[in-house]
Amino acid sequence: MIRQMLSLFFSAVVSFMAIPSWAMDSVDLLPIGINSPALKVGTYSNIDERYNQHGQLMSLTDIHSIEFNVQTLSRIEPQVTELVSALNSFGTGNYGNQLNLGVLKINSQPSVQYWAPVHAWGITSKWTLGFGVPVIKYQNEASLASEGGNLAAYKQQYSGISTSLDQAFQRLDVSIDLAAQAELEKKGYKPIGRREQTFVGDIQIVSLYDLGRTANLASAWKMVVNLPTGPKADPSDLLALDMFGETAVENHLMGQYRFAKSLVIRGKGGYRYVLPDQVEKRVPLSDLDSLPGEEGQEKVTRQKGGSLIAGSSLGYEINQSWSIDLGYEFLQKEKDHYSGGRGRYYSALERNTDQITHRSKLGIAYSSVKSYFSKKALIPSIFSLELSDVFSGKNVARQSLSEVTVMLFY
């Protein structure tokens, strides 16, 4: 019975976001022969919330919870129907229909921080090349818990009336959270508990090429190559991050128009393509088997869905040192596809993998570059703060990002 409970309960418990190596979009290139080392430090918050397939914002605890009421229990234990009928026969209150074992929940408090050393070079007057190496720190305090339920009260009131009723009570008298942990251990899953990991994520190589510019108008082509240097998810860990180990290519066309002395409007459009790969997954046998055992683990072929990306921002240069940007980004990701050679239910891995993201951005920057050339600053540098928030979406984590960047030039 517990195995059937968990099959209704567990799904993909953790899925977060991509770690960016490059901040607010700009078409500015480095002069030929100039180097620019930088360090980005970012923190994600609100990732314990997620927009579901209907666009509703829910906590991870609420998404991954199930109430064991009569309707749920009847699907996993046919004998419950007989117990309900027996309880309904006492009085006129239909007490059997109110039978409830409680709610099983995963309480999860994930946090993600990253540090990304970045270095860029001005290869020619039209081409800037750079790379970023994100170092990720992932923590999660997770636990299984059950709450509510009226079985104890029912046992106290109705026990001893009949042997069959007592046997039904005894069969249902389980601690849902302890039984869940025991079933996880039996199936070879890591216990739900604390996670703390620090690792190198996927390295990004970025190319920015000038497509032409005038006094007020500029355009560029940006290509981002994502290398699979990060870890792949452990199929035996329901709390593992499944967001690294990808080979992907992004291409963006970007434009910038200065329509006043201090006002700049920017826009971009692009597509992210992820190359097919092979990953270890536990594949269920049927739609109800969302907690497959170790016998279901195999290497499957994965084709992650591509993503359409569009965005715009408005920048205001307060003076020669300070500037501010307001931006918006839209992303629409296609559904992932899985296939394998063992005839299992591979389409279950594709469920809710399509995404829509609406993200707002705010950037504040201080630059000493102009002051350096006028002999008023010791070194040319840029310090910036970017705040972004996913304010709407589908099948995506609510992500509030705070990122600080320190950039030098030599």
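Notes on the structure follow.

Cut-off values and rules
- Residues numbered from 1 in each chain as written.
- Predicted model: local features only at pLDDT ≥ 70, side-chain atom pairs only at ≥ 80, totals over all residues.
- Heavy atoms only, no water.
- Pairing = 2+ DSSP bridges.
- Helix = DSSP H or I, 4+ residues; strand = E, 2+ residues; numbered from the N terminus.
- Axes fitted to C-alpha atoms, helices over the stretch in contact; angles between N-to-C directions.
- Phe/Tyr/Trp six-rings, centres within 6.5 Å; stacked < 30°, edge-to-face > 60°.
- Lys NZ or Arg CZ within 6 Å of the ring centre and 35° of its normal.
- Buried < 20%, exposed > 50% of the residue type's maximum accessible area, 1.4 Å probe, protein only.
- Polar contact = N/O pair within 3.5 Å; in protein donor to acceptor, adjacent residues only side chain to side chain.
- Contact = heavy atoms within 4.5 Å.
- Core = buried A, V, L, I, M, F, W, Y, C linked by side-chain atoms within 4.5 Å.
- Patch = residues over 30% accessible without salt bridge, like charges linked within 9 Å, V, L, I, M, F, W, Y side chains within 5 Å.
- Areas by Shrake-Rupley, 256 points an atom, 1.4 Å probe, with all protein chains shown as cover.
- Salt bridge = Lys/Arg side-chain N within 4 Å of Asp/Glu carboxyl O.
- Arc of directions from axis to C-beta.

### Looking at the pairing of strand 1 (residues 35-45)
Item 1. For strand 1 and strand 5 (residues 100-122), the ladder comprises 10 bridges, and the chain directions are antiparallel. Across the sheet, S36 pairs through a bridge with A120, a residue of strand 5.

### Quick look at the sheet that holds strand 14 (residues 297-303)
Item 1. The strand order across the open sheet formed by 3 strands is 13-14-17, and the pairing between neighbours is antiparallel. The open sheet is flanked by strand 13 (277-282) and strand 17 (337-339), the only strands paired with a single partner. Neighbour-to-neighbour, the strand axes of the sheet open up by a mean angle of 40°, direction not taken into account.
Item 2. In this sheet, strand 14 lies alongside strand 13 in antiparallel orientation, the contact comprising 6 bridges. The partner of K281 across the bridge, within strand 14, is E298.

### Focus on the packing of aromatic side chains
Item 1. For the structure shown, the criterion picks out 7 aromatic pairs.
Item 2. Seen in terms of ring centroids, Y257 and F259 are 6.5 Å apart; in terms of plane orientation they differ by 15°. Their pairing is stacked.
Item 3. Summarising the aromatic geometry, the rings of Y372 and F373 are spaced 5.5 Å apart at their centres and angled 75° between planes, so their arrangement reads as edge-to-face.
Item 4. A cation over a ring is seen here: R282 above Y189, with NZ or CZ 3.9 Å from the ring centre.

### Details of the side chain of D277
Item 1. Take D277: it is sitting in strand 13.
Item 2. Note on D277: relative accessible area 16%, which makes it buried.
Item 3. There is a polar contact of 2.7 Å between the side chain of D277 and the side chain of R302.
Item 4. Apart from the residues lying within four places of it in its own chain, the contact partners of D277 are K232, G245, V300, T301 and R302.

### With respect to the nonpolar core
Item 1. Formed by 31 residues in total, the largest nonpolar core has its most connected members in L104, L144, L184 and I192.
Item 2. Among the elements of the structure, strand 4 (65-69), strand 5, strand 7 (135-147), helix 5 (151-158) and helix 7 (176-186) are those that each provide at least two residues to this core.
Item 3. It is strand 5 that contributes the most residues to this core, 6 residues altogether.

### A closer look at the sheet that holds strand 20 (residues 396-397)
Item 1. The sheet built from 3 strands is open, its strands ordered 3-2-20 with antiparallel pairing. For this open sheet the edge positions go to strand 3 (57-59) and strand 20, each flanked by a neighbour on one side alone.
Item 2. Pairing geometry for strand 2 (residues 49-51) and strand 3, over 3 bridges, is antiparallel. Counted as the bridge partner of R50 is M58 from strand 3.

### Regarding a nonpolar patch on the surface
Item 1. Judged by side-chain polarity, Y316, I318, W322, I364, L378, I379, F383, L385, L387, V404, V406 and L408 come together as a nonpolar surface patch covering roughly 1,100 Å² of accessible area.
Item 2. Mapped by element, the contributors of at least two residues to the nonpolar patch are strand 19 (381-394) and strand 21 (400-408).
Item 3. With respect to the secondary-structure elements, L387 resides in strand 19.
Item 4. On the accessibility criterion, L387 (34% relative accessible area) is partly exposed.

### Some points on the side chain of S368
Item 1. Relative to the helices and strands, S368 is located in the loop between strand 18 (355-367) and helix 8 (369-373).
Item 2. Take S368: its relative accessible area is 4%, and that puts it in the buried class.
Item 3. Here I379 takes part through its backbone oxygen, which lies 2.8 Å from a polar atom of the side chain of S368.
Item 4. Contact partners of S368, with chain neighbours within four places excluded, come to A377, I379, P380 and S381.

### What about helix 7?
Because the α-helix completes a turn every 3.6 residues, residues three or four places apart line up on one side.
Item 1. Residues of helix 7 that are buried: I176, D177, A179, A180, E183 and L184. Projected down its long axis, helix 7 shows its buried positions confined to an angular sector of 160°, all on one face. Across helix 7 from its buried face, at more than 90 degrees, point the exposed residues L178, E185 and K186.
Item 2. Looking at the residues trailing helix 7, positive phi occurs at G188, about 85°.

### Notes on the environment of L385
Item 1. Among the secondary structure elements, L385 is positioned in strand 19.
Item 2. Look at L385 and you get partly exposed, because its relative accessible area is 33%.
Item 3. Sequence spacing of L385 and Y366 is 19 residues, and the spatial spacing of their C-alpha atoms is 9.1 Å.

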